[in-house]
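# Tertiary structure, described
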Amino acid sequence: VARIRKRIQSRWRYQKFGIAVETVAFCAVCSMLSGFVSLLSTCRKEVGDLQYVQFNCPAGEYNPVASLLVNTSHSSVKLLFSGNNEGEIMWKSSAVAFCTYYFLNVWLSGLPVPGGAFTATMLLGGLAGRSVGAALREFGFQLTVSGVYAVVGASAMLCGFKQMAAAVVLI
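Residues numbered from 1 in each chain as written. Predicted model: local features only at pLDDT ≥ 70, side-chain atom pairs only at ≥ 80, totals over all residues. Heavy atoms only, no water.

### Notes on the state of the cysteines
Going through the model one piece at a time under the given rule, you end up with 1 disulfide. Bridging Cys43 to Cys57, the disulfide has an S-S length of 2.1 Å. A torsion of -95° about the S-S bond marks the disulfide between Cys43 and Cys57 as left-handed. In this pair, Cys43 sits in the loop between helix H2 (15–39) and strand E1 (44–45) while Cys57 sits in the loop between E1 and strand E2 (61–62), placing the two residues 14 residues apart along the sequence. There is no disulfide at Cys27, and the cysteine sulfur nearest it, in Cys30, is 6.4 Å away. Residue classification places Cys27 among the partly exposed residues on the basis of a relative accessible area of 43%. With no disulfide of its own, Cys99 lies 16 Å from the sulfur of Cys30, the closest cysteine sulfur. (Disulfide = S-S within 2.5 Å. Helix = DSSP H or I, 4+ residues; strand = E, 2+ residues; numbered from the N terminus. Buried < 20%, exposed > 50% of the residue type's maximum accessible area, 1.4 Å probe, protein only.)

### Some words on unusual backbone geometry
If you check the backbone angles, Phe55 has positive phi at about 55° while not being a glycine. Classification of Phe55 by relative accessible area gives partly exposed; the value is 39%.

Shown next, in the form of structure tokens:
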């Protein structure tokens, strides 16, 4: 993606202006896509004291996809790693958020914006792991804790993308 972007940018007459326009367009697409995907989710009753996002839901309810996409990365990772919110974020919500976040991160490569690759990698791995853990729980494995799968997914993603040793990541 970054190589294709550089090839296209080399043909622009006003490269700096074009890069700025592309960056603003990316921000707009991120906002619209995250909002649109969040609108596709159904509202759930709010339980517990974790920070969920209400988004388009009535009082006392939250939007699980918006809680993962529209929230800050730090709050989303806390939601994913928590073992106290079992059954509150279903596997479909995590999978939709993963696909959306992955698409946006791939498109981000090559743009002159701070991407925060470390937290983004943790969030992607946590979303994938949480999806697997919640799916296993829904399909009959009642002892699985989705938060543990989210931690393992984030660790695996960090090991793969950042080429860190598993011992370093787990410590």
